[in-house]
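Chain by chain, the residues run as shown.
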Amino acid sequence: MPHYKLTYFNLRGRAEIIRYLFAYSGIKYEDHRIEQVDWPKIKPTIPFGKIPILEVDGVTLHQSLAIARYLAKETGLAGQTPLEQALVDAIVDTIDDFMSTFPWGEKNQDVKQQIFNDLLTNTAPGLLQDLNSFLGDKWLVGKSVTWADFYWDVCSTTLLFLKPGLADNYPKLLALKERVQALPAIAAWIQQRPKTTL
């Protein structure tokens, strides 16, 4: 079994999908969390200057979704066929495209709040409608859970923190969120993880 070391801030953020994959698969890893104040001195030592990174037996992977895809393939959560894997990737990328439009690092709080409100009020409903229509009987893709289902839960947790009630008109998506959080390993992780806003 490889030795895994995940480095990210003490947030759910872009590393939480990776932590979900480790939790669900029961794979041991080092969850190395750094504080924002320490980032300026650590950043020059990180390949490409961004986190999360995952060290796998000394090899450093970067980019959260590349890391998640690697782990999903290693653990059978990427989709059962090449076509399912492409659909899973498409759903993850669609959700991520939306999450990436938020100005997370904006310093002007008024500007930040205005953009957040616009995205949550005017853009999010279209995405949620599309995901709701795409969702199968139980999972987003295929007949078993994939990392796309995990990614929906991770991102929707943040979205619902920002705007409670955002998904109220999409009961299938809320049911999927509940289904993911009811998986014993995910439920255990949610209970034990450090409590952070994002």
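Below is a summary of the structure that appears in this document. (Residues numbered from 1 in each chain as written. Predicted model: local features only at pLDDT ≥ 70, side-chain atom pairs only at ≥ 80, totals over all residues. Heavy atoms only, no water.)

With respect to the environment of tyrosine 20
In this fold, tyrosine 20 is placed in helix H1 (residues 16–25). Among the residues examined, tyrosine 20 registers a relative accessible area of 0% and is labelled buried. With 63 residues separating them in the primary sequence, tyrosine 20 and leucine 83 have C-alpha atoms 23 Å apart. Side chain to side chain, tyrosine 20 and aspartate 153 meet in a polar contact 2.5 Å long. (Helix = DSSP H or I, 4+ residues; strand = E, 2+ residues; numbered from the N terminus. Buried < 20%, exposed > 50% of the residue type's maximum accessible area, 1.4 Å probe, protein only. Polar contact = N/O pair within 3.5 Å; in protein donor to acceptor, adjacent residues only side chain to side chain.)

Overview of the nonpolar core
Leu21, Trp147 and Phe150 are the most contacted members of the largest nonpolar core, which totals 62 residues. With 8 residues, helix H6 (residues 147–162) is the largest single contributor of residues to this core. Ignoring sequence-local partners within four residues, the contact set of phenylalanine 150 consists of Ile17, Tyr20, Leu21, Tyr24, Leu77, Val145, Val180, Leu183 and Ile186. (Core = buried A, V, L, I, M, F, W, Y, C linked by side-chain atoms within 4.5 Å. Contact = heavy atoms within 4.5 Å.)

Brief notes about unusual backbone geometry
With an omega of 15 degrees, the peptide bond running from isoleucine 51 to proline 52 counts as cis. Located in the positive-phi region is phenylalanine 48, a residue other than glycine, with phi close to 65 degrees. Notably, aspartate 57 is not glycine yet its phi reads approximately 50 degrees, a positive angle. By the secondary structure assignment, aspartate 57 is in the loop between strand S3 (53–56) and strand S4 (59–62). The class for aspartate 57 is exposed, based on a relative accessible area of 55%.

What about the sheet that holds S4?
The 4 strands lie next to each other as S2-S1-S3-S4, forming an open sheet whose pairing is mixed. What marks the edges here is a single partner per strand, and that holds for strand S2 (30–34) and S4. Across the sheet, the mean angle from the axis of one strand to that of its neighbour is 20 degrees, orientation sign disregarded. Sheet analysis places strand S1 (residues 4–9) next to S3, joined by 4 bridges and oriented antiparallel. (Pairing = 2+ DSSP bridges. Axes fitted to C-alpha atoms, helices over the stretch in contact; angles between N-to-C directions.)

Considerations on the environment of leucine 6
Inspection of the secondary structure assignment puts leucine 6 in strand S1. For leucine 6, a relative accessible area of 0% gives the class buried. For the pair formed by leucine 6 and glutamine 129, sequence separation is 123 residues and the distance between their alpha carbons is 34 Å. Once residues lying within four places of it in the same chain are set aside, the contact partners of leucine 6 are Ala15, Ile18, Arg19, Tyr29, Glu30, Asp31, His32, Pro52, Ile53 and Leu54.

Overview of the packing of aromatic side chains
Inspection of every chain in the model, using the stated rule, returns 11 aromatic pairs. Stacked on the ring of tryptophan 139, the Lys or Arg arginine 179 has its end atom at 5.6 Å from the ring centre. (Phe/Tyr/Trp six-rings, centres within 6.5 Å; stacked < 30°, edge-to-face > 60°. Lys NZ or Arg CZ within 6 Å of the ring centre and 35° of its normal.)

Concerning the pairing of S2
The pairing of S1 with S2 spans 5 bridges and is classified as parallel. Opposite threonine 7, over in S2, you have histidine 32 as the bridge partner. After leaving S1, the chain enters H1 and then returns to the sheet as S2, a path that is right-handed. (Right-handed = clockwise from strand over helix to strand, strands pointing away.)

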